[in-house]
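For reference, the chains in residue letters:
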Amino acid sequence: MAAVQIEHVDKIRPGGQGVLHDVSFAARDGELLAVVGPSGCGKSTLLRLVAGLESVTAGVIRIGGQVVNELPPQRRDVAMVFQSHALYPHMSVYENLAFGLRARGTPRRQIDRRVRQVGARLGLETMLERYPRELSGGQRQRTALGRAMLREPAVFLLDEPLSSLDVPLRAELRRELAALHRSLGTTMIYVTHDQSEALSLGQRMVVLAGGRVQQIDTPLDVYRRPASRFVAGFIGWPPMNFLRAESLAEMAGAPAGEAGVEYGIRPECFAAQPGGADDVQFEGRIERIESQGGEWHLELALRRERVLVRLRAEQALAVGEPLRLWVRRADLHTFDAATGQRVELARR
Ligand SMILES: Nc1ncnc2c1ncn2[C@@H]1O[C@H](COP(=O)(O)OP(=O)(O)O)[C@@H](O)[C@H]1O
Ligand SMILES: [Mg+2]
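Residues numbered from 1 in each chain as written. Chains lettered and ligands numbered in written order. Predicted model: local features only at pLDDT ≥ 70, side-chain atom pairs only at ≥ 80, totals over all residues. Heavy atoms only, no water.

### Considering the overall build of the protein chain
- Along its length, the protein chain carries 9 helices and 17 strands.
- With the principal axes as the frame, the protein chain shows a C-alpha extent of 75 × 45 × 35 Å.
- The buried share among the 348 residues of the protein chain stands at 48%.
- Total accessible area on the protein chain stands at roughly 16,700 Å², and carbon and sulfur atoms take up 49% of it.
- Computed over 46 positive and 41 negative side-chain charges, the separation of the two mean positions in the protein chain equals 5 Å. (Helix = DSSP H or I, 4+ residues; strand = E, 2+ residues; numbered from the N terminus. Buried < 20%, exposed > 50% of the residue type's maximum accessible area, 1.4 Å probe, protein only. Areas by Shrake-Rupley, 256 points an atom, 1.4 Å probe, with all protein chains shown as cover. Lys, Arg positive; Asp, Glu negative; His and termini not counted. Charge placed at Lys NZ, Arg CZ, Asp CG, Glu CD.)

Next comes the structure, spelled out in C-alpha cells:
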C-alpha cells in the first residue's frame, strides 16, 4: 500500500499543447480517490503519468514517498485498468488471470490457488474456461480487474473502467468495486467523467477541468460548498440553476442584490412550503413538467429567467399554472460573476 503524491505537475505535449497545468493533489494511503472532469480535461493523461506510460514535463510524482519520475512502469508497483478491457482474446479467463503470475515464474500450484481465489472473489468461478468473446461486458471487465488484483499492486489506477457497460451493470459493479476497496484496503485512483460515479464511489474527489485542479474535497463538501461556478454546475444532477443578482432581488425575502454576484440554487432545494422566516419566495409559472413517479421535474418561468426544480410529487401540477416555492437562505450559493469563484456573503 502507498500514498500517491502529485506535486506541481505540468504536461505539455510535443506539439506544444498544454494538457495539465500545475496539478497537485495526493491520494492517501488506502484511499479511494475519484478524479472527475469533462471529456478531454486530462484525466487519462494524468493516470498515464502516474503509471509511467508517459513522462511529466515538470513536477514530481511520488508513490509510497519515493520519487518515481524516472522509474519505468514495471517498477512503480501500480496496476492500471482501462475502459477497454485489454484481455488476450486467444486465452481463457483462467489464462488471462494467470498470465502475469506465470511471467514472474510463480509455481503452478500457487498460480492455480490464487487464480481461483480471485476468480471466486469476482464471481468468475464458472467462467474460468471461457474465452473473452464468450463473456458479457461486465464479465470481461471483472476479468481485467482480476488481472490487476493478482498483481497485488501498491496502487490501482482505474481509467473509466465501467463506462462501456450499461447502466444497471455499471451500478452493480460500482458497488462491488467499493466493497472490493474496503476489503483490499489498497490505494485506488478512479478516473471518470461521470459526476454521479465520482460522488458515489470516491472517499474524496478531485475535480479537474482544462487540465487544472478545481477542487479537492469529500463528495459531500464538493456538493455543499462548490469552490466555483464550474464545479457547482458540473457536480449534481440536474445541474444547479444560476440566477443574476437582479433576478433574485425581485423575489420576496431575497438578500439585497450584491453587484457582481451570481446566485446558484440546486433544483432539489426548492420546497412547496416555507421552511423558515428568512426563506426566499419564488413565484413563477410552470413552463414544462415531467413526472418521475415520486418526483416532479419542472421548469418554472420567473420574471426574467427560468429555473429547473425537483419537487416531491405531493400535489397535482400542470403546465401553465402559477406556482409558489421557497428556498432556504442557506441553500443560496454565491459566485463572483467575473471570476466564477465562490464567495461568502455576510449573512444578516
Ligand atoms: N496520444 C496523444 N497525443 C496527442 N494528444 C493527446 C493524446 N492523448 C490525449 N491527447 C489530448 O490531450 C488532452 C487530454 O486528453 P485525455 O487525458 O485523454 O483526457 P480525458 O481522459 O480527460 O478525456 C485532449 O485534448 C486530448 O485530445
Ligand atoms: Mg480518458
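### Brief notes about the pairing of strand 14 (residues 295-301)
- For strand 14, the buried fraction is high: 6 of the 7 residues fall into the buried class.
- In the sheet, strand 13 (residues 280-291) pairs with strand 14 via 6 bridges, with the strands oriented antiparallel. From the neighbouring strand, S291 faces strand 14, where its bridge partner is W296.
- Connecting strand 13 to the next strand, strand 14, in antiparallel fashion are 3 residues, including G293 with a positive phi near 85°.
- The sheet contact formed by strand 14 and strand 15 (residues 306-312) spans 7 bridges and is antiparallel. Paired with W296 across the two strands is L311, which belongs to strand 15.
- Hairpin geometry of strand 14 and strand 15 is characterised by an intervening segment of 4 residues between the two adjacent antiparallel strands. (Pairing = 2+ DSSP bridges.)

### Considerations on the site of ligand 1
- If you check the shell around ligand 1, you find R13, Q17, V19, P38, S39, G40, C41, G42, K43, S44 and T45 and nothing else.
- A distance of 2.9 Å is found between an oxygen atom of ligand 1 and a side-chain nitrogen or oxygen belonging to Q17.
- The separation between an oxygen atom of ligand 1 and a polar main-chain atom of G40 is 2.6 Å.
- Contact with the protein chains hides 56% of the accessible area of ligand 1, taken as 560 Å² for the molecule alone.
- Ranked by the residues each element gives to the shell around ligand 1, the list is headed by helix 1 (residues 43-51), at 3 residues.
- A breakdown of the residues in the shell around ligand 1 according to their chemical character gives 3 nonpolar, 6 polar and 2 charged. (Near = heavy atom within 4 Å. Polar contact = N/O pair within 3.5 Å; in protein donor to acceptor, adjacent residues only side chain to side chain. Nonpolar A, V, L, I, M, F, W, Y, C, P; charged D, E, K, R; others polar.)

### A word on the sheet that holds strand 2 (residues 18-27)
- Ordered in space as 2-1-4-5, the 4 strands form an open sheet in which the pairing is antiparallel. Each end of this open sheet is capped by a strand with a single partner; those strands are strand 2 and strand 5 (66-67).
- By the bridge criterion, 5 bridges tie strand 1 (residues 4-12) to strand 4 (residues 58-63) in an arrangement that is antiparallel. Bridge pairing links Q5 to R62 in strand 4.

### As for the domain arrangement of the protein chain
- By domain assignment, the protein chain separates into domain 1 (4-233) and domain 2 (240-336).
- Across the boundary between the two partners, domain 1 contributes 8 residues, which contact 7 residues of domain 2.
- Roughly 680 Å² of surface becomes buried between domain 1 and domain 2 when both sides are summed, with 52% attributable to carbon and sulfur atoms.
- Among the residues domain 1 hides against domain 2, the three largest losses belong to Y223, R229 and A232. Together they make up 75% of the total.
- Counting across the interface, domain 1 meets domain 2 through 1 salt bridge.
- For the salt bridge of R229 with E262, the shortest nitrogen-to-oxygen distance reads 2.8 Å.
- Linking domain 1 to domain 2 there are 3 residue pairs in polar contact (both at pLDDT 80 or more).
- Looking at the side of domain 1 that touches domain 2, the elements with two or more residues in it are helix 7 (219-224) and helix 8 (229-234).
- Within the side of domain 1 that touches domain 2, the residues separate by chemical class into 4 nonpolar, 2 polar and 2 charged. (Domains from an automatic or database assignment. Contact = heavy atoms within 4.5 Å. Buried area = accessible area lost by both parts, 1.4 Å probe. Salt bridge = Lys/Arg side-chain N within 4 Å of Asp/Glu carboxyl O.)

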